[in-house]
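# What the coordinates show
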Amino acid sequence: MPFLECSMRDDLVLEVSGLYKTFHIGFFRKRVDAVRGTSFSVKRGEIFGLLGPNGAGKTTTIKSILRLIFPTKGEIRIFGRPSGDREAAMRVGYMPENPYVYQYLKPIEFLDLCGRLVGLTKRERRARSEEMIDKVGLRHAADRPIGKFSKGMMQRIGLAQSLLHDPELLVLDEPMSGLDPIGRKEVRDLLLEQRERGKTLLFTSHILSDVELLCDRVVIMQQGEITSEGQVHDLLESAGRRVEIRLSRASQKLRDSLASRGTIVDGGAGHFTLQVDGQQAVDEVLRISSAAGARLDAMIPERESLENLFLKGAAG
């Protein structure tokens, strides 16, 4: 499907359409289809999550968007321009999963180098570098060579360089990797602050609880293809929820008749708990139990998690 004119799509920061990436590896040039027909779009001002297990094609997709590798087929537009456009690229900040740094440099020196690469003046580089060091919580290590940093500190300096030139689109590959719970909270707050400032964020993460807290929309990839896409709330609702039904004054006959409709947890004579999935199953259990004279003591819905949805897709 061809892209519409930029003036008609100004709410879209990123458009990926029919993306394929094939590698040929080894002596026999074995074909590996890393990404197969991926299409999605990211709206201005939202936080968009790209999820999937290792090898799903997330990083390949990101590198294709940024022209770090060249797609086999498909179309990518950033701010309405082709992804290779220099002007569009200058409005993007990127943090790779494993930040590439000069390990003998101190944070201020590394950020000054990054500032030169994006065209900041000397005064701007100094001011922004100092600001970023404070923002990502590295002031205590400002005089330490980056090569002495822990994994979590390395993630922080990688995030700092991606924010340095105040980009409109942030592309972050596993920004929470290696961070302790306090560090994750600080980074989450920083990302939410960027959205409040009108920035757009695309990121991958294996920490699905953070994705639920941060993302407006997500796509889930499996083996190079998108298996689920939508707003986090809608995906969890559509996945169906498990409900725990607690019954009393229940006969053995009722218990036997309901055994095939869910998972039974014994609660003693005349009492048991039944775990069922989906509203249709709940309605059926309630109808049968009422007709058998049992009493409903409690009905407790269990909230579906993004992790469960993720695992269901992987199992499928």
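You'll find the structure just up there.
The structure contained in this document is the topic of the report that follows.

What follows deals with the packing of aromatic side chains. Going through the model one piece at a time under the given rule, you end up with 3 aromatic pairs. On the basis of an interplanar angle of 90° and a centroid distance of 5.2 Å, the ring pair of Phe27 and Phe28 is categorised as edge-to-face. Among the residues examined, Phe27 registers a relative accessible area of 75% and is labelled exposed. With a relative accessible area of 74%, Phe28 lands in the exposed category. Plain terms: the ring middles of Phe40 and Phe48 are 5.3 Å apart, the flat faces sit at 15° to each other, and that makes the pair stacked. Looking at Phe40, the relative accessible area reads 5%, which means it is buried. Looking at Phe48, the relative accessible area reads 0%, which means it is buried. Across the ring face of Phe23, the terminal group of Lys21 is positioned such that the distance to the ring centre comes to 5.1 Å. Positioned above the aromatic ring of Tyr20 is the side chain of Lys73, whose terminal nitrogen or guanidinium carbon lies 4.7 Å from the ring centre.

Tallied over the entire structure, the rule returns 23 salt bridges. Residues Lys185 and Asp189 are paired through a salt bridge, measuring 2.6 Å at the closest nitrogen-oxygen approach. Residue Lys185 and its partner Asp189 are both found in helix H6 (residues 181-196); the two are separated by 4 residues, about one turn of the helix. Note on Asp189: relative accessible area 36%, which makes it partly exposed. A salt bridge links Arg295 to Asp297, with the nearest nitrogen and oxygen atoms 3.0 Å apart.

Moving on, we come to H6. Helix length check: H6, at 16 residues, gives a terminal C-alpha distance of 23 Å against a target of 22 Å (1.5 Å per residue), a fit within 8%. Gly183, Arg184, Val187, Arg188, Leu190, Leu191 and Gln194 are the residues of H6 that are buried. The buried residues of H6 occupy one face: seen down the axis, they fall within an arc of 165°. Across H6 from its buried face, at more than 90 degrees, point the exposed residues Pro181, Ile182 and Glu196. In the core, the buried residues of H6 are packed alongside strand E3 (47-51), helix H4 (122-135), helix H5 (151-163), strand E7 (169-173), strand E8 (200-204) and helix H7 (208-214).

Time to look at unusual backbone geometry. Of note in the backbone geometry, Asp166 takes a positive phi value of approximately 55° without being a glycine. Considering the arrangement of structural elements, one finds Asp166 in the loop between H5 and E7.

When you line up the elements, Ala160 lands in helix H5. For the pair formed by Ala160 and Met132, sequence separation is 28 residues and the distance between their alpha carbons is 5.4 Å. Setting aside chain neighbours within four positions, we find Ala160 in contact with Leu111, Met132 and Val136.

The rules we used
- Residues numbered from 1 in each chain as written.
- Predicted model: local features only at pLDDT ≥ 70, side-chain atom pairs only at ≥ 80, totals over all residues.
- Heavy atoms only, no water.
- Phe/Tyr/Trp six-rings, centres within 6.5 Å; stacked < 30°, edge-to-face > 60°.
- Buried < 20%, exposed > 50% of the residue type's maximum accessible area, 1.4 Å probe, protein only.
- Lys NZ or Arg CZ within 6 Å of the ring centre and 35° of its normal.
- Salt bridge = Lys/Arg side-chain N within 4 Å of Asp/Glu carboxyl O.
- Helix = DSSP H or I, 4+ residues; strand = E, 2+ residues; numbered from the N terminus.
- Expected span 1.5 Å × (residues − 1).
- Arc of directions from axis to C-beta.
- Contact = heavy atoms within 4.5 Å.

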